[in-house]
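# Geometric and topological summary
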Amino acid sequence: MSDPVLSIRGLSKRYDSGTEALKTVDLDIERGEIFALLGPNGAGKTTLISIVCGLVNASTGTVLVDGADWRSDYRRARSRIGLVPQELTTDAFEPVWSTVSFSRELFGKPRNPAKIEEVLRALSLWDKRKTIMKELSGGMKRRVMIAKALAHEPEILFLDEPTAGVDVELRRDMWAMVRRLRDQGTTIILTTHYIEEAEEMADRVGVINKGELILVEEKRELMKKLGHKDLVLHLA
Ligand code: ATP
C-alpha cells in the first residue's frame, strides 16, 4: 500500500482490570477505502477505535495519520476523524440542529449553516431539525449521531457497529450513505459482527479475535477463502 491515511503499529491495550484487549495490532488503512473490522463480542473492535479516536490510551504502539504521529498534533489529527460510537452521546433536551452544529464548532470549524443543512438533508433529518433529541425514535437518534460525526467534514469516519439493532430501512440507508461518503473521498472504517455486512460494504476486511488481527484481506479474497457462512460463530 503506497499511501496509507492511517498507520497503526504495534498497538496493544491492557486495561487496569488485566484484560488484554489488543495484542500488538499492525494495520494500514488506504485513503478512500471502506474497511470492515469483523469480530465477535469482546474481540477488541471498540478498543481499537477508541484508541485511534483518542478516547482510550494505548499500552504500547503508535498511530500515524498521513505519516505524522497522532500525538504530535492531537487537535489537527482529531479534527480529521469522525466517530459514530455505539452509544448515544447527545443531550436529551437539545434540538437536532444545535446538536449537530455544536459538534462542528467543537472541532474549531467555522459555523456553516449550509453544511449542517446538507448533512441533515442527506440523513433525512431536515424535517426533524427543531425536534429535541428525547422525542426522536431510536433510528432517528442514530441518524443524528452520524450527522454529528460528519458535521466537521472529517476525512476518516469510524462507525462502531452502525447497524446493531437497527431496522432494515435504516440499515439500507446507512449502507447507501457510507458508499456515498466513500465516493466523495471519505475513508470509512466500520466494525461489525456480521460477515454479510462486511461483504456488502467493505473493500477490505480485517478479522479480529481475542485482541489479535488474524486476517486482513480484500473482500473477494476473504469470501473465497472462508465461504460465506458463520465465520464469526467459528471465531469465539
Ligand atoms: P463488542 O462487539 O461486544 O462491542 P468489541 O470487539 O468491541 O466487543 P471491546 O469492547 O474492545 O470488544 O472489548 C475487548 C475486551 O476488553 C473485552 O474483554 C472487554 O470486556 C474488555 N474491556 C473493554 N473496555 C474495558 C474497560 N474500560 N475496562 C476493562 N476491560 C474492558
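What you see is a predicted model; the values in this text were computed from it and never measured. (Residues numbered from 1 in each chain as written. Predicted model: local features only at pLDDT ≥ 70, side-chain atom pairs only at ≥ 80, totals over all residues. Heavy atoms only, no water.)

### What to know about the packing of aromatic side chains
Put simply, the rule reads: The rule is short: rings of Phe, Tyr and Trp, with Trp giving its six-membered ring, pair when the centres are within 6.5 Å, and they are stacked under 30 degrees, edge-to-face over 60, tilted in between. Numbering of helices and strands starts at the N terminus; helices are DSSP runs of H or I of at least 4 residues and strands are runs of E of at least 2. For the exposure calls, accessible area comes from a 1.4 Å probe over protein chains only, and a residue counts as buried if that area is under 20% of its type's maximum, exposed if over 50%, partly exposed in between. The rule is short: NZ of Lys or CZ of Arg within 6 Å of the ring centre and within 35 degrees of the ring normal puts a charge over the ring.
Tallying each qualifying case throughout the model produces 1 aromatic pair. With a centroid separation of 6.1 Å and an interplanar angle of 70°, the aromatic rings of Trp97 and Trp126 are classed as edge-to-face. Of this pair, Trp97 sits in helix H3 (residues 96-106) while Trp126 sits in the loop between helix H4 (113-122) and helix H5 (138-150); the two residues are 29 residues apart in sequence, bridging distant segments of the chain. Residue Trp97 is classed as partly exposed on the basis of its relative accessible area, which comes to 26%. Its end group placed over the ring of Trp126, Arg129 keeps NZ or CZ at 3.9 Å from the ring centre.

### Looking at the site of the ligand
Just so we agree on the cut-off: A cutoff of 4 Å decides nearness: a residue is near a molecule or strand if any of its heavy atoms lies inside that distance of it. Pairs of N or O atoms within 3.5 Å make up the polar contacts considered here, provided that, within protein, one atom can donate a hydrogen while the other can accept it, and that residues adjacent in sequence are counted only when both atoms are side-chain atoms. Residue type decides the class: Asp, Glu, Lys and Arg count as charged, Ala, Val, Leu, Ile, Met, Phe, Trp, Tyr, Cys and Pro as nonpolar, and the leftover types, Gly among them, as polar.
Near the ligand you find 15 residues, and of these Asn41, Thr46, Thr47, Glu161 and His193 are the closest. Here an oxygen atom of the ligand sits 2.9 Å away from a polar atom, N or O, in the main chain of Gly44. A distance of 2.7 Å separates an oxygen atom of the ligand from a polar side-chain atom of His193. Sort the elements by how many residues they give to the shell around the ligand and helix H1 (residues 45-52) lands first, with 3 residues. For the shell around the ligand, the class distribution of residues is 4 nonpolar, 9 polar and 2 charged.

### With respect to the packing of H5 against helix H6 (residues 168-183)
Keep this limit in mind: A fitted line through C-alpha atoms serves as each axis, taken over the contacting stretch for helices, and the angle formed by two N-to-C directions is quoted from 0 to 180°. The cut-offs work like this: below 35 degrees is roughly parallel, past 145 is roughly antiparallel, 65 to 115 is roughly perpendicular, and the gaps in between are oblique. By the definition used in this description, the sense in which the near helix is turned from the far one sets the handedness, with an anticlockwise turn below a right angle giving left-handed and a clockwise turn giving right-handed. Note on definitions: a residue-residue contact is assigned when non-hydrogen atoms from the two residues lie within 4.5 Å.
Two numbers describe how H5 lies on H6: the axes approach to 11 Å, and their chain directions differ by 10°. With respect to H6, the element H5 is oriented roughly parallel. The interaxial crossing formed by H5 with H6 has right-handed handedness. Residues Gly139, Arg142, Arg143, Ile146 and Leu150 of H5 touch H6, and the partners they reach there are Leu170, Asp173, Met174, Met177 and Leu181.

### Digging into the packing of H3 against H5
Close contact between H3 and H5 brings their axes to 7 Å; oriented N to C, the two are set at 30°. Considered as vectors, H3 and H5 are oriented roughly parallel to each other. For the crossing formed where H3 meets H5, the hand is right-handed. Mapping the contact onto sequence places Val96, Thr99, Val100 and Ser103 in H3 and Val144, Ala147 and Lys148 in H5. Its residues assigned to classes, the contact of H3 with H5 comprises 4 nonpolar, 2 polar and 1 charged.

### Brief notes about unusual backbone geometry
In this model, Asp66 sits at a positive phi of 50°, which is unusual for a non-glycine residue. Checked against the element boundaries, Asp66 lands in the loop between strand E4 (60-65) and strand E5 (68-69).

### Remarks on the pattern of salt bridges
This is how the line gets drawn: When a carboxyl oxygen of Asp or Glu is within 4 Å of a side-chain nitrogen of Lys or Arg, the pair counts as a salt bridge.
Taken as a whole and judged by the stated rule, the model has 15 salt bridges. Notably, a salt bridge pairs Glu155 with Arg80, separated by 2.8 Å at the nearest N-O pair. A residue pair is termed long-range when its members are at least 10 positions apart, and Glu155 in the loop between H5 and strand E7 (156-160) and Arg80 in the loop between helix H2 (74-79) and strand E6 (81-84) qualify at 75 residues. The salt bridge partner of Arg121 is Glu117, with a shortest N-O separation of 2.9 Å. Separated by 4 residues within a single helix, Arg121 and Glu117 lie in helix H4, roughly one turn from each other. Judged by its relative accessible area of 27%, Glu117 falls in the partly exposed class. Connected via shared salt-bridge partners are Arg31, Asp66, Arg80 and Glu155.

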